[in-house]
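The chain contents come next:
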Amino acid sequence: MVSDFDLRICFAPADVPLARRIQTAVVLQWVFSFLALAPTCIILFILLLFTRFWLISVLYAIWWYIDWDTPSHGGRKVPFLCRMHIWEYMRDYFPIKLVKTADLDPRKNYVLGFHPHGILVAGAFTNFCTEATGFSKLFPGLRSHLLMLPLWFRAPFFRDYIMSAGLVPSDKESASYLLRRKGGGNAVVIAVGGAPEALDAHPGDYTVHLANKKGFIKLAIEHGADLVPMYSFGENTVFDQVENPRGTWLRYIQERMQHIMGISLPLFHARGVFQYSFGLMPYRKPINTVVGRPIPVNKNEKPTAEELDVFHQRYMDELSCLFEEHKGNYGVAEDAHLLFQ
């Protein structure tokens, strides 16, 4: 039985080029950071208190108290870290490409809607938390900030790590702080579908959780920030997920846990580090994030329900047009269309 099992495993060849090995190592650390670094940091913080290095945790706790509001006040992005050559290896692993369709005026602020969420939002991180795909060159004068669940900013040490990449909490206070900055040039990137959309991240699935999502529309109107739809082709193809259609016991448990914990738990899998048959490493499949045309928004601090509906419908129409216009370039079937949930 052991030999039969071994025959079903497709191992990586021994002569894999060094560049590809480095790409795998970089993506491995990113997957670890996304899945396990936060709890690891929490455990480390607690364990240090019971060692001769207890002072490290005590001093950090003092710093944490002083620095508590920084995530919601623009974070602490470190451009040097975002420009590091290491992220180009992550870009080339898939590969990932950022596609520009229109200019964005750096004198304005923007709310960029990222679709779909996918499993680990690989496209959003690479495009907007690093310079590997050339965001600053494609959109000079803009500073990107990707929104992330506030839960992760409560983890010691980990909060500083994610802030260095420009991540800020996905709450109204944090986004509003950036959009209130004078002079423009701020691009708030929101994975609109959020954690629930990850449960629909199956290859060939084009479900977008947007039908009842109007909070980001209201945010844009209140601050006069133009709306920019984006679609990341290939985001749902880099992992497989255990089938979990609505109505099944698995989907019920996942949705209940998401409601309680605030994070979804998709049962995903792909390949491994040294073999291609199973594991939590993403497949080497291309991701192409297409940035659409901006939707002009006039500032209104108290938008009406009718105004929200108008901009919401226009945003969905623009996203659909963006998908239809570019799907043929990225291997999407002609009869495939976005499904709004």
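- An unreviewed UniProt entry lists the chain under the name Acyltransferase, with Cyprinus carpio carpio given as the organism.
- Quoted verbatim from the Subcellular location (unreviewed entry) field of UniProt, the annotation for the chain is "Endoplasmic reticulum membrane".

## Observations regarding the pairing of strand E3 (residues 143-148)
Reasoning step 1: By the criterion of burial, E3 is predominantly enclosed, with five of the six residues buried.
Reasoning step 2: One ladder, built from four bridges, connects E3 with strand E5 (residues 186-191); its direction is parallel. In the strand pairing of E5, Leu146 is matched with Val189.
Reasoning step 3: Summarising the sheet, E3 and strand E4 (residues 168-169) pair through two bridges and their orientation is parallel. Looking across to E4, one finds that Met148 is bridged to Pro169.
Reasoning step 4: In this fold, the crossover linking E3 to E4 by way of helix H8 (residues 158-163) has right-handed handedness.

## Overview of the nonpolar core
Reasoning step 1: Counting residues in hydrophobic clusters, the biggest one holds 51 residues, and the most contacted among them are Val27, Trp30, Met90, Phe94, Leu112, Phe128 and Leu167.
Reasoning step 2: In terms of residue count, helix H2 (residues 18-48) provides more of this core than any other element does, seven residues in total.
Reasoning step 3: Setting aside residues no more than four positions away along its own chain, Leu167 makes contact with Cys129, Leu146, Met148, Phe153 and Ile162.

## So, the pairing of strand E2 (residues 110-115)
A regular strand carries its side chains on alternate faces of the sheet.
Reasoning step 1: Burial analysis of E2 places six of its six residues in the buried class, which makes it a mostly covered element.
Reasoning step 2: Alternating residues of E2 divide into Tyr110, Leu112 and Phe114 and Val111, Gly113 and His115, and every residue in both groups is buried.
Reasoning step 3: Strand direction decides the pairing type here: E2 and E5, joined by five bridges, are parallel. Bridge assignment links Gly113 to a residue of E5, and that residue is Ile190.

## Regarding the environment of Tyr276
Reasoning step 1: By the element assignment, Tyr276 lies in the loop between strand E9 (268-269) and strand E10 (287-291).
Reasoning step 2: A relative accessible area of 33% places Tyr276 in the partly exposed class.
Reasoning step 3: Sequence separation of Tyr276 and Lys77 is 199 residues, and the distance between their C-alpha atoms is 35 Å.
Reasoning step 4: Among all residues touching Tyr276, those that are not within four sequence positions of it are Cys10, Phe11, Ala12, Pro13, Ala270 and Arg271.

## Structural notes on unusual backbone geometry
Reasoning step 1: Going from Phe94 to Pro95, the amide bond is cis rather than trans, its omega being 0°.
Reasoning step 2: When you line up the elements, Pro95 lands in the loop between helix H5 (86-93) and strand E1 (96-100).
Reasoning step 3: Here Val121, not a glycine, exhibits a phi torsion of approximately 40°, which is positive.
Reasoning step 4: Its location among the elements puts Val121 in the loop between E2 and helix H6 (122-128).
Reasoning step 5: On the basis of relative accessibility, which here comes to 10%, the residue Val121 falls in the buried class.
Reasoning step 6: Its identity as a non-glycine residue notwithstanding, Phe157 has a phi of 70°, on the positive side.
Reasoning step 7: On the secondary structure map, Phe157 appears in the loop between E3 and H8.
Reasoning step 8: Take Phe157: its relative accessible area is 22%, and that puts it in the partly exposed class.

The rules behind each value
- Residues numbered from 1 in each chain as written.
- Predicted model: local features only at pLDDT ≥ 70, side-chain atom pairs only at ≥ 80, totals over all residues.
- Heavy atoms only, no water.
- UniProt positions renumbered as here; feature names shortened; annotations may be inferred.
- Buried < 20%, exposed > 50% of the residue type's maximum accessible area, 1.4 Å probe, protein only.
- Helix = DSSP H or I, 4+ residues; strand = E, 2+ residues; numbered from the N terminus.
- Pairing = 2+ DSSP bridges.
- Right-handed = clockwise from strand over helix to strand, strands pointing away.
- Core = buried A, V, L, I, M, F, W, Y, C linked by side-chain atoms within 4.5 Å.
- Contact = heavy atoms within 4.5 Å.

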